[in-house]
Amino acid sequence: MAAMNFAKLHKEFKAILKKIKDYDRIAVYRHTQPDFDAFGSQMGLATWLKANFPSKDVIYVGETNDKWCPAIFPKPMDVADDWFARGPYLAITVDVANVARISGPGFDQSDYKVKIDHHPNVEPYGDLNVVYPNIVACAELVALFELAAPRRYKMTAEMARYLYCGMVGDSGRFLYPDTDDATLRIAASLIGKGVDIYGLYDKMYARSMSDMEAEKFVLNNTKFSPKGTAYYVLTDADLKRLGLTSVEGKLFVNLFRNVSGITATVSVTQDIANNCFRVSLRSNQKIVSKVAAKYRGGGHDFASGATINSLDELPWLIKDLDETPLVSEAK
């Protein structure tokens, strides 16, 4: 965060706060197939709004996740359709790069839109876009907004817990690129609000015997290209046999990330509902976002998502990854 323009950020934070004050009704959104950062950013902001503006009607919407709701996060609100027709409201999205990935109803009907995100801003769909791609997690940006707010606004242990969860999830427990000194200072500030980090970790990383069976399957079925790309495929039949959803197929993509000789890792998961295969790309040594963009996706330099229409495209995707130069060589 050393290169960040803090004067610009401060101005943007003031603009967000002004819009919050302007509206009596606020809807908080995050992306589909939510991860820890999406949930953490959304709930960290929604609970902050509810606590500091009790007279406002604040809702948080989107699909649920049976594994994490209500164990870590509350279930999304079941909001009647007429809520969105009652009058003007502010929509705030967190951790959503593009409109197509917004989860929940009513975004298009909102009177004013604020986008808070840490993905490359290829689709600046907000009336106000507060986007910093070099921040490791959107929850870090939301936490900074709340911590920087005037002292009359409070942050509770509950809010801090949600945001800390999001930061831990998207930073790989503070191991991934873009984790810096500012990240750790913000995390320390959240812990100082009363977060039980060990109790939280127990819930975030709880594993069952079926999880172990799924990991064993992935380990036994991962393939390796001659140039160091590790990849596995989970078909719909595999997912059903292992008790996984299409969202959970990518959970094992980091298994080989730190193995000597592996330069990139790939998960390929069949999504019957959308007639495609969802692809997650990770690397510590190669910028994978350009390959993701070639296959109907995008994301961060070292962590991206893509989509292939059939497994016939997979050899070409692996070839493109193999031919992507190492960052050390590109310099």
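Reference entry: report on the structure contained in this document.

1. Describing the overall build of the protein
- Looking only at helices and strands, the protein has 11 helices and 12 strands in total.
- Viewed in the frame of its principal axes, the protein has a C-alpha envelope of about 60 × 45 × 35 Å.
- When each of the 331 residues of the protein is scored for burial, the buried share is 53%.
- Contacts spanning at least 24 positions in sequence make up 62% of the contacts within the protein whose residues lie at least 6 apart.
- For the protein, the accessible surface area stands at approximately 15,500 Å², while carbon and sulfur atoms represent 53% of it.

2. Observations regarding the packing of aromatic side chains
- Counting across every chain of the model gives 18 aromatic pairs.
- Judged by centre distance (6.4 Å) and plane angle (70 degrees), the rings of Phe36 and Tyr205 are edge-to-face. Of this pair, Phe36 sits in helix α2 (residues 36-52) while Tyr205 sits in the loop between α6 (197-204) and α7 (209-221), and the two are 169 residues apart along the sequence.
- Here the aromatic rings of Trp48 and Phe53 are separated by 6.0 Å at their centres, their planes lie at 65 degrees, and the arrangement is edge-to-face. The pair Trp48 / Phe53 is uniform in exposure class, with both members buried.
- Within the aromatic cluster, the residues linked to one another by ring pairs are Phe36, Phe39, Trp68, Phe73, Tyr162 and Tyr205.
- Its guanidinium or amino end placed over the ring of Tyr176, Arg257 lies 4.2 Å from that ring's centre, counting from NZ or CZ.

3. Some remarks on the pairing of strand β8 (residues 229-234)
- Within β8, five of the six residues are buried, which leaves it mostly tucked inside the rest of the structure.
- Two strands pair when backbone bridges link them, and strand β7 (residues 223-224) and β8 are joined in this way by two bridges, in the antiparallel orientation. Across the sheet, the residue bridging to Lys223 is Tyr231, located in β8.
- The hairpin formed by β7 and β8 contains four residues between the paired strands, and Gly228 there has a positive phi angle of roughly 95 degrees.

4. Quick look at the nonpolar core
- Membership of the largest hydrophobic core comes to 60 residues, with the highest contact counts inside it found for Ile20, Trp48 and Phe73.
- With eight residues, helix α4 (residues 157-171) is the single largest residue contributor to this core.
- Sequence-distant contacts of Trp48, defined by excluding residues within four places in its chain, comprise Leu17, Ile20, Phe53, Phe145, Glu146, Ala149, Tyr153, Lys154 and Met159.
- With 16 residues, the next largest nonpolar core counts Tyr231, Val266, Val288 and Leu317 among its residues.

5. Things to note about the sheet that holds β7
- Here we have six strands laid out as an open sheet, ordered β7-β8-β9-β10-β12-β11, and mixed in their pairing. Strands at the two margins of the open sheet, each flanked by one partner only, are β7 and β11 (298-299).
- Contacts from α7 reach β7 and β8, with the element oriented near 125 degrees to β8.
- Against the sheet, helix α10 (residues 314-323) makes contact with β8, β9 (264-271), β10 (276-282) and β12 (303-308), and its axis sits at roughly 160 degrees relative to β8, the strand it touches most.

6. Describing the environment of Gly249
- For Gly249, the location among the structural elements is in the loop between α8 (236-242) and β9.
- On the basis of relative accessible area, Gly249 is assigned to the buried category, the value being 0%.
- Here the alpha-carbon distance between Gly249 and Tyr232, two residues 17 residues apart in the chain, equals 9.7 Å.
- Once residues within four sequence positions are removed from consideration, Gly249 is found in contact with Tyr232, Leu234, Ser267 and Thr269.

7. Focus: the packing of helix α3 (residues 138-148) against α4
- For the pair α3 and α4, interaxial distance at closest approach is 8 Å and the crossing angle is 145 degrees. For the pair α3 and α4, contact is made by Ala139, Glu140, Val142, Ala143 and Glu146 and by Met159, Leu163, Gly166 and Met167, respectively.
- A per-class count over the contact of α3 with α4 returns six nonpolar, one polar and two charged.

8. Describing the side chain of Arg30
- Tracing the backbone shows Arg30 in strand β1 (residues 25-31).
- A distance of 2.6 Å separates a polar side-chain atom of Arg30 from the backbone oxygen of Glu63.
- Not counting residues within four places of it along the chain, the set of residues in contact with Arg30 comprises Ala38, Phe39, Gln42, Val61, Gly62, Glu63, Pro76, Val94, Val96, Arg101, Ile102 and Ser103.

9. Focus: the pattern of salt bridges
- Under the criterion given, the structure shown has 12 salt bridges.
- One salt bridge in this structure joins Asp22 and Lys18, with 3.1 Å as the shortest N-O distance. With Asp22 and Lys18 both in helix α1 (residues 6-22), this residue pair falls four residues apart, about one helical turn.
- On the accessibility criterion, Asp22 (43% relative accessible area) is partly exposed.
- The partner of Arg185 in a salt bridge is Asp181, with the nearest N and O atoms 3.1 Å apart. Here Arg185 and its partner Asp181 are both found in helix α5 (residues 181-191), four residues apart, which amounts to about one turn of the helix.

10. A closer look at the pairing of strand β2 (residues 57-60)
- In the sheet, β1 pairs with β2 via four bridges, with the strands oriented parallel. When the sheet's bridge partners are listed, Ala27 is paired in β2 with Ile59.

Rules behind the numbers
Residues numbered from 1 in each chain as written. Predicted model: local features only at pLDDT ≥ 70, side-chain atom pairs only at ≥ 80, totals over all residues. Heavy atoms only, no water. Helix = DSSP H or I, 4+ residues; strand = E, 2+ residues; numbered from the N terminus. Buried < 20%, exposed > 50% of the residue type's maximum accessible area, 1.4 Å probe, protein only. Contact = heavy atoms within 4.5 Å. Areas by Shrake-Rupley, 256 points an atom, 1.4 Å probe, with all protein chains shown as cover. Phe/Tyr/Trp six-rings, centres within 6.5 Å; stacked < 30°, edge-to-face > 60°. Lys NZ or Arg CZ within 6 Å of the ring centre and 35° of its normal. Pairing = 2+ DSSP bridges. Core = buried A, V, L, I, M, F, W, Y, C linked by side-chain atoms within 4.5 Å. Axes fitted to C-alpha atoms, helices over the stretch in contact; angles between N-to-C directions. Nonpolar A, V, L, I, M, F, W, Y, C, P; charged D, E, K, R; others polar. Polar contact = N/O pair within 3.5 Å; in protein donor to acceptor, adjacent residues only side chain to side chain. Salt bridge = Lys/Arg side-chain N within 4 Å of Asp/Glu carboxyl O.

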